[in-house]
Amino acid sequence: MRIDLHTHSNVSDGTQPPAELVAAAVGAGLDVLALTDHDTTDGWQDAGAAAVRLGIGWVPGMEISCKTDTGISVHLLAYLHDPAHPGLLAEITRSKDARLTRAERMVERLAEDYPLSWDDVRLHVAPGATIGRPHIADALVAAGVVGTRSEAFATILTARSRYFVAHYAPDPVTAVELVRAAGGVPVFAHPVASARGRVVAEQTYQDMIDAGLLGLEVDHRDNPADGRAWLRRLAARKDLIVTGSSDYHGAGKPNMLGENLTSQDALERILELGTGSTAWLP
Ligand code: AMP
Ligand code: FE
Ligand code: FE
Ligand code: ZN
């Protein structure tokens, strides 16, 4: 079984509509995929319908942007939660709204030095999608300022850049609690991806585990080998589910569908523990 539990559509910062993403997953020979757009579940309906039509397994998911009190970015994957849970919905709505204001402020700063307007950025955001730096990167590519999204992230869009603006995001412990309250399965995404920025200390893992964390995304291209070994030992010690996935973003990133996979055992544990929404398996 080829199981990939971390992908993005253009309902956040991927480049394909959900149904197209599901078709691409069939083309890549996957048996099961999860859609995990940033801070939204708006793609679930189209993705689920496409999965049923094309006969591929589908798990509803989401990736929640979080921030610790020391400002470290944490991404939390949620599987099979209730998308209408009021507490969780309130948090992701607050984040999504803050992302919009933040993107506008980043574009204002960038426009002082580069040929970039808010309308240029909006061209790259599907209606209602969760906006992020990748959409600003797309506009910078279109303006000829950089060649690719990755180049934009390596230069003017890094968190260290003078154009960077932070946005509201829930604390990871709060997010874990809310995902559990919504019947979902919280999995810490790419936890040791140090190239993206500072990563959390062991105490934060413990705090998240105490709050109900159920899994660690170990096999992800941004987790270095030594970090993966450490994560595997932690998962064994704490009886956490181990996942592996691509974090596919369509043409927006080099990550290829199925480049990392999750075991059937791990998927079964997720399906047993998630009670807030329903997966579809052929
Ligand atoms: P934001 O949430 O707006 O701060 O932007 C972070 C998002 O940008 C992450 O979720 C990634 O999907 C994406 N991202 C990070 N690094 C890169 C990169 N090098 N190339 C393309 N996309 C990236
Ligand atoms: Fe992303
Ligand atoms: Fe992420
Ligand atoms: Zn992701």
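(A) Examining the coordination of the zinc ion (ligand 4) more closely. Protein coordination at the zinc ion (ligand 4) comes from His6 (NE2), His8 (NE2), Glu63 (OE) and Asp247 (OD), with a distance range of 2.1 to 2.3 Å. Coordination of the zinc ion (ligand 4) draws on donor residues from a single chain, spaced H-x1-H-x54-E-x183-D in sequence. For the pair the zinc ion (ligand 4) and the iron ion (ligand 2), the metal-to-metal distance amounts to 4.5 Å. Here Glu63 lies in strand E3 (residues 57-67) and His8 lies in the loop between strand E1 (3-4) and helix H1 (18-27), a separation of 55 residues in the sequence. Across the pair, exposure class does not vary: His8 and Glu63 are buried alike.

(B) Representation of the site of ligand 1. Around ligand 1 sit 14 residues, and of these His38, Arg99, Arg102, Arg133 and His249 come closest. Within the side chain of Arg99, a nitrogen or oxygen atom sits 3.0 Å from an oxygen atom of ligand 1. A distance of 3.3 Å separates a nitrogen atom of ligand 1 from a polar side-chain atom of Ser150. Protein coverage of the free-state accessible area of ligand 1, which is 500 Å², stands at 86%. Where the shell around ligand 1 is concerned, the elements lending two or more residues are helix H3 (86-111), helix H5 (133-142) and helix H6 (149-154). Among the elements that line the shell around ligand 1, the one with the most residues is H6, at 3 residues. Of the residues that constitute the shell around ligand 1, the class distribution is 2 nonpolar, 6 polar and 6 charged. Here the shell around ligand 1 gathers at least three residues from each of two domains, domain 1 (3-93 + 167-273) and domain 2 (97-154).

(C) Just the coordination of the iron ion (ligand 2), in detail. Protein coordination of the iron ion (ligand 2) is provided by Asp13 (OD), Asp13 (OD), His38 (NE2) and His249 (NE2), with donor distances spanning 2.1 to 2.8 Å. Here the iron ion (ligand 2) is ringed by 6 donor atoms whose angles at the metal span 51 to 143°, and the overall shape comes out irregular. One chain supplies every donor for the iron ion (ligand 2), spaced along it as D-x24-H-x210-H.

(D) Seen up close, the pairing of E3. In terms of burial, E3 is a largely internal element, 10 of the 11 residues being buried. When strand E2 (residues 32-35) meets E3, the two strands line up parallel, connected through 4 bridges. In the strand pairing of E3, Leu35 is matched with Pro60. With 7 bridges joining them, E3 and strand E4 (residues 73-79) adopt antiparallel strand pairing. Across the sheet, the residue bridging to Ser65 is His75, located in E4. The hairpin formed by E3 and E4 contains 5 residues between the paired strands, and Gly71 there has a positive phi angle of roughly 85°.

The rules behind each value
- Residues numbered from 1 in each chain as written.
- Chains lettered and ligands numbered in written order.
- Predicted model: local features only at pLDDT ≥ 70, side-chain atom pairs only at ≥ 80, totals over all residues.
- Heavy atoms only, no water.
- Donors = N, O, S within 2.8 Å, 3.2 Å for Na, K, Ca; no water.
- Helix = DSSP H or I, 4+ residues; strand = E, 2+ residues; numbered from the N terminus.
- Buried < 20%, exposed > 50% of the residue type's maximum accessible area, 1.4 Å probe, protein only.
- Near = heavy atom within 4 Å.
- Polar contact = N/O pair within 3.5 Å; in protein donor to acceptor, adjacent residues only side chain to side chain.
- Areas by Shrake-Rupley, 256 points an atom, 1.4 Å probe, with all protein chains shown as cover.
- Nonpolar A, V, L, I, M, F, W, Y, C, P; charged D, E, K, R; others polar.
- Domains from an automatic or database assignment.
- Tetrahedral: all angles 85-135°; square planar, octahedral: opposite > 155°, others 65-115°.
- Pairing = 2+ DSSP bridges.

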